[in-house]
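# Summary of structural features
Chain by chain, the residues:
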Amino acid sequence: MKRIYILSVLCFNILLVGCYSGYDDNGRYVFLTIEDALTIENQENYVVGDTIFFEVKFSRYLQEEGFDNLLDIYESTDAEEFRYSFGLGKFSNFSDDYENINIASDYLLAEKGTVYRGFYNEAQAVLNTEKSQYESRIGIILAETGNFRFDFGYLGIYSESDYDNVSIEIQNSINPDTFKMDFSVTE
């Protein structure tokens, strides 16, 4: 009798494991590549108190490798915003290089999209009212003097999806020579 009980429990457990339908993100994560999603309004020289702006814009319909039709990323993810981070470095004489700095949320403003409060150097591109493209226009209020450099060497843009939707990562191909990412701030 004890053997039958142990065998029944073992078979029941095998049946439960075989029927498990937990979230398996293999195949539910899509990688896309886009070009020219980023523009920086750079005058190269600023004074303390000025604001430097950059924009991230991309269509809701993107080319997916291996497919002829465009992928509707809004329909696939049900995400009205895509998160991305940006780097800002300040030149240090001690290291003779640019050191990454975090920007307090008090010095970030969003004309389009949003900035994360409590998280440094992160923003969201938000689906516009026409529901045709995702947009963000972020300003950094320049609070101190020095030589600075934007670091968009890898601009990864991510959806924040739940288990019912596909997660999408969009990589923006950037040619650093086409952007003037260095700028100076004086008194």
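Structure: above.
The sections below set out a description of the structure shown in this document. (Residues numbered from 1 in each chain as written. Predicted model: local features only at pLDDT ≥ 70, side-chain atom pairs only at ≥ 80, totals over all residues. Heavy atoms only, no water.)

## Focus on the overall build of the chain
- Helix and strand counts for the chain come out as two helices and 17 strands.
- A total of 187 residues make up the chain; the buried ones form 37% of that total.
- For the chain, restricting intrachain contacts to residue pairs at least 6 apart in sequence, the fraction spanning at least 24 positions comes to 71%.
- Looking at the chain as shown, the accessible area adds up to about 11,900 Å², and 49% of this sits on carbon and sulfur atoms. (Helix = DSSP H or I, 4+ residues; strand = E, 2+ residues; numbered from the N terminus. Buried < 20%, exposed > 50% of the residue type's maximum accessible area, 1.4 Å probe, protein only. Contact = heavy atoms within 4.5 Å. Areas by Shrake-Rupley, 256 points an atom, 1.4 Å probe, with all protein chains shown as cover.)

## Comments concerning the side chain of Glu 55
- Along the chain, the position of Glu 55 falls in strand S4 (residues 51–59).
- Among buried Asp, Glu, Lys and Arg side chains, Glu 55 stands out as unpaired, with Lys 57 the closest opposite charge at 4.2 Å. (Lys, Arg positive; Asp, Glu negative; His and termini not counted. Salt bridge = Lys/Arg side-chain N within 4 Å of Asp/Glu carboxyl O.)

## Notes on the sheet that holds strand S17 (residues 182–186)
- Sheet architecture is open: five strands sit in the order S3-S17-S14-S8-S9, paired in mixed fashion. The outermost strands of the open sheet, each flanked by one partner alone, are strand S3 (45–47) and strand S9 (97–100). The sheet shows a mean angle of 35 degrees between the axes of neighbouring strands, taken without regard to direction. (Pairing = 2+ DSSP bridges. Axes fitted to C-alpha atoms, helices over the stretch in contact; angles between N-to-C directions.)

## A look at the nonpolar core
- Counting 41 residues, the largest nonpolar core has Phe 54, Phe 58, Ile 73, Tyr 84, Phe 150, Phe 152 and Ile 170 as the members making the most contacts within it.
- Sequence-distant contacts of Phe 150, that is, excluding residues within four places in its chain, are made with Ile 40, Ile 52, Phe 54, Gly 87, Leu 88, Ile 140, Met 181 and Phe 183. (Core = buried A, V, L, I, M, F, W, Y, C linked by side-chain atoms within 4.5 Å.)

## Remarks on the environment of Val 56
- Within the secondary structure layout, Val 56 lies in strand S4.
- Judged by relative accessible area, Val 56 falls into the buried class, the value being 0%.
- Val 56 sits 56 residues away from Lys 112 along the chain, and the two C-alpha atoms are 9.5 Å apart.
- Apart from the residues lying within four places of it in its own chain, the contact partners of Val 56 are Ala 37, Leu 38, Tyr 84, Ala 125, Tyr 134, Glu 135, Ser 136, Leu 155 and Ile 157.

## A look at the layout of surface pockets
- Of the pockets and cavities examined, the largest pocket occupies roughly 210 Å³.
- Here the lining of the largest pocket is composed, by residue class, of ten nonpolar, one polar and one charged. (1 Å grid on protein atoms, 1.4 Å probe; cavity = no way out; pocket = protein on both sides within 12 Å on 5 of 7 lines; lining within 4 Å. Points joined across faces, edges and corners; volume = space filled by probe spheres on them. Nonpolar A, V, L, I, M, F, W, Y, C, P; charged D, E, K, R; others polar.)

## A closer look at the pattern of salt bridges
- Considering all chains together, one arrives at seven salt bridges under this definition.
- A salt bridge links Arg 137 to Glu 111; the nearest nitrogen and oxygen atoms lie 2.4 Å apart. Within this pair, whereas Arg 137 is found in strand S13 (residues 133–141), its partner Glu 111 is found in strand S10 (residues 108–112), the two being separated by 26 residues in sequence.
- Using a relative accessible area of 14% as the deciding quantity, one classes Arg 137 as buried.
- Each of Glu 41, Glu 111 and Arg 137 takes part in one network of salt bridges that share partners.

## Section: the pairing of strand S1 (residues 29–35)
- Side chains Val 30, Leu 32 and Ile 34 of S1 all project onto a buried face; the interleaved residues Tyr 29, Phe 31, Thr 33 and Glu 35 project onto a face where none is buried.
- Sheet topology note: the S1/strand S16 (residues 167–173) ladder contains seven bridges and is parallel. Across the sheet, residue Tyr 29 finds its bridge partner in S16, namely Ser 167.

## Brief notes about unusual backbone geometry
- In the Ramachandran plot, Asp 36 falls in the positive-phi region, its phi being about 60 degrees despite a non-glycine side chain.
- With respect to the element layout, Asp 36 can be found in the loop between S1 and strand S2 (38–41).
- Non-glycine residue Lys 131 carries a positive phi angle of around 55 degrees.
- As for its position among the elements, Lys 131 is in the loop between strand S12 (122–127) and S13.
- Overall, Lys 131 belongs to the partly exposed group, its relative accessible area being 35%.

## Considering the packing of aromatic side chains
- All told, the structure shown has ten aromatic pairs when counted by the stated rule.
- When the ring of Phe 58 is compared with that of Tyr 134, the centres are 5.3 Å apart and the planes differ by 15 degrees; the resulting orientation is stacked. With Phe 58 in strand S4 and Tyr 134 in strand S13, the pair connects residues that are 76 residues apart, well separated along the chain.
- A relative accessible area of 4% means that Phe 58 is categorised as buried.
- Given a relative accessible area of 0%, Tyr 134 falls into the buried group.
- Members of the aromatic cluster, connected to one another through ring pairs, are Tyr 46, Phe 54, Phe 86, Phe 148, Phe 150 and Phe 183.
- One Lys or Arg, Arg 137, reaches over the ring of Phe 53 and ends 4.1 Å from the middle of that ring. (Phe/Tyr/Trp six-rings, centres within 6.5 Å; stacked < 30°, edge-to-face > 60°. Lys NZ or Arg CZ within 6 Å of the ring centre and 35° of its normal.)

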